[in-house]
Amino acid sequence: MASRLTPERETELYAAVLDLLREVGYDALTMDAVAARTKSSKATLYRQWGSKPELVARALRHNKPGGIDEIDTGSLRGDFHAMTSREDDCEMEKNSALMRGLMRAVHDNPDLHQALRELLIEPEMTGLDRMLRRAVERGEVNADNPALNFVPHMLVGAFVARQLIDDRPADRAFLARYLDAVVLPALGV
């Protein structure tokens with residue numbers, strides 16, 4: 001993206017996009033609304049981001065704490081716990097609600113699904129793969145452990161299941177217990 005926007009202005013635009021998403025949802029979010037909220041032109045938004053799905057995916061990516069691949073504590077347990085402590089509970093709850101809303105929108109919007117996969121999911125999967133590979137190289141996890149293929153599913157499942165089953169959002173304490181009781185034992189750690 002050849003940006004003529006300052007990093008501060010870009011951050012401001014992304015924050016406005018996320019606020020609007022939380023207020024009205026993906027389907028009701030329009031480039032007109034973003035332009036009005038940010039006092040910018042719709043033409044500028046399209047020139048910078050090309051489409052609503054890309055703008056939304058980049059706003060989410062920008063809002064994420066540092067990438068998983070930046071975490072390396074020297075142990076898989078340490079890495080997992082560092083990963084879950086990157087956001088406070090309040091931010092985690094807001095982002096979980098936002099992601100639940102987007103998951104509904106993904107079903108009707110293949111362009112949104114593609115943008116989220118490219119800009120949000122694949123970079124996180126790559127970082128998680130590196131984290132797990134380091135654990136295998138350190139001898140913490142057997143390379144042939146079948147649970148290695150299901151770590152992303154287990155982690156996403158924790159977020160989804162907590163809300164469905166307990167009617168409560170996943171928070172740091174829940175995720176720490178889940179990692180220690182489910183994910184790490186499945187990996188033989």
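Quick caveat: nothing in here was measured; it's all calculated off a predicted structure.

Novice: Please clarify how the overall build of the protein should be interpreted in this entry.
Specialist: What the protein contains, in helices and strands, is nine helices and zero strands. Secondary structure of the protein in N-to-C order comes out as α-α-α-α-α-α-α-α-α. For the protein, the C-alpha atoms occupy an extent of roughly 55 × 35 × 30 Å along the three principal directions. Split by element, the accessible area of the protein, about 10,200 Å² in all, is 53% carbon and sulfur. Considering the protein, the positive charge centre built from 25 side chains and the negative charge centre built from 30 side chains are found 3 Å apart.

Novice: Would you mind going over the packing of helix α4 (residues 52-63) against helix α6 (residues 89-108) with me for this structure?
Specialist: When two helices pack together, their arrangement is given by the angle between the helix axes and by the axis-to-axis distance. The interhelical angle for the contact between α4 and α6, taken along N-to-C directions, is 160°, at an axis separation of 13 Å. With respect to their mutual orientation, α4 and α6 come out roughly antiparallel. Note on packing geometry: the crossing formed by α4 with α6 is left-handed. The residues of α6 that touch α4, namely those facing Val-56, Leu-60 and Asn-63, are Glu-91, Asn-95, Leu-98, Met-99 and Leu-102. Counted by class, the contact of α4 with α6 contains five nonpolar, two polar and one charged residues.

Novice: What should I look at first to understand α4 in this one?
Specialist: Residues that lie three or four places apart on an α-helix share one face, since the helix turns once every 3.6 residues. The end-to-end C-alpha distance of α4 is 16 Å, a good match for the 16 Å that 12 residues give at a rise of 1.5 Å each. Taken together, the buried positions of α4 are Lys-52, Pro-53, Leu-55, Val-56, Ala-57, Ala-59 and Leu-60. Check the buried side of α4 and you find it contacts α1 (7-24), α2 (31-38), α3 (42-49), α6 and α7 (110-137). The backbone nitrogen of Glu-54 lies 3.3 Å from a side-chain oxygen of the residue at the head of α4, namely Ser-51.

Novice: Explain the pattern of salt bridges here, please?
Specialist: Two side chains carrying opposite charge are able to pair once their charged atoms lie near each other. With the rule as written, the count across this model stands at 16 salt bridges. Overlapping salt bridges bring together Asp-72, Asp-79, Arg-134, Arg-138 and Glu-140 as one network.

Novice: Explain helix α5 (residues 76-84) here, please?
Specialist: Among the residues of α5, Leu-76, Asp-79, Phe-80, His-81, Met-83 and Thr-84 are the ones counted as buried. Residues of α5 that are buried in the fold lie against α6, α7, α8 (151-166) and α9 (172-186).

Novice: In this structure, what is going on with the side chain of Arg-162? I would like to understand it.
Specialist: Mapped onto the elements, Arg-162 comes out in helix α8. Residues contacting Arg-162, with those up to four places away along its chain left out, are Gly-157, Asp-167, Arg-168, Pro-169, Ala-170, Asp-171 and Phe-174.

Novice: Got a minute to help me understand the packing of α5 against α9 in this structure?
Specialist: At a minimum axis distance of 10 Å, the contact between α5 and α9 shows a crossing angle of 150°. The angle between the axes of α5 and α9 places the two elements in the roughly antiparallel class. In the crossing of α5 with α9, the sense of the turn from one axis to the other is right-handed. Of the residues in α9, those touching α5 at Leu-76, Arg-77, Phe-80, His-81 and Thr-84 are Arg-172, Leu-175, Ala-176, Leu-179, Asp-180, Val-183 and Leu-184. Taken together, the residues of the contact of α5 with α9 break down into seven nonpolar, two polar and three charged.

Novice: It is not clear to me how the environment of Glu-93 should be interpreted in this structure. Could you clarify?
Specialist: Turning to its location among the elements, Glu-93 is positioned in helix α6. Here the alpha-carbon distance between Glu-93 and His-107, two residues 14 residues apart in the chain, equals 22 Å.

Novice: Any chance you could explain the packing of aromatic side chains here in plain terms?
Specialist: Between two aromatic rings, the relevant description is the distance of the centres plus the angle of the planes. In total, this model carries two aromatic pairs according to the counting rule given. Arranged with centres 6.1 Å apart and planes meeting at 25°, the rings of Phe-174 and Tyr-178 form a pair that is stacked. Within this pair, Phe-174 and its partner Tyr-178 are both found in helix α9, separated by four residues, close to a single helical turn. Assigned by exposure class, Phe-174 and Tyr-178 land together as buried.

Cut-offs applied
- Residues numbered from 1 in each chain as written.
- Predicted model: local features only at pLDDT ≥ 70, side-chain atom pairs only at ≥ 80, totals over all residues.
- Heavy atoms only, no water.
- Helix = DSSP H or I, 4+ residues; strand = E, 2+ residues; numbered from the N terminus.
- Areas by Shrake-Rupley, 256 points an atom, 1.4 Å probe, with all protein chains shown as cover.
- Lys, Arg positive; Asp, Glu negative; His and termini not counted.
- Charge placed at Lys NZ, Arg CZ, Asp CG, Glu CD.
- Axes fitted to C-alpha atoms, helices over the stretch in contact; angles between N-to-C directions.
- Parallel < 35°, antiparallel > 145°, perpendicular 65-115°, else oblique.
- Left-handed = near helix turned anticlockwise from the far one by under 90°.
- Contact = heavy atoms within 4.5 Å.
- Nonpolar A, V, L, I, M, F, W, Y, C, P; charged D, E, K, R; others polar.
- Expected span 1.5 Å × (residues − 1).
- Buried < 20%, exposed > 50% of the residue type's maximum accessible area, 1.4 Å probe, protein only.
- Polar contact = N/O pair within 3.5 Å; in protein donor to acceptor, adjacent residues only side chain to side chain.
- Salt bridge = Lys/Arg side-chain N within 4 Å of Asp/Glu carboxyl O.
- Phe/Tyr/Trp six-rings, centres within 6.5 Å; stacked < 30°, edge-to-face > 60°.

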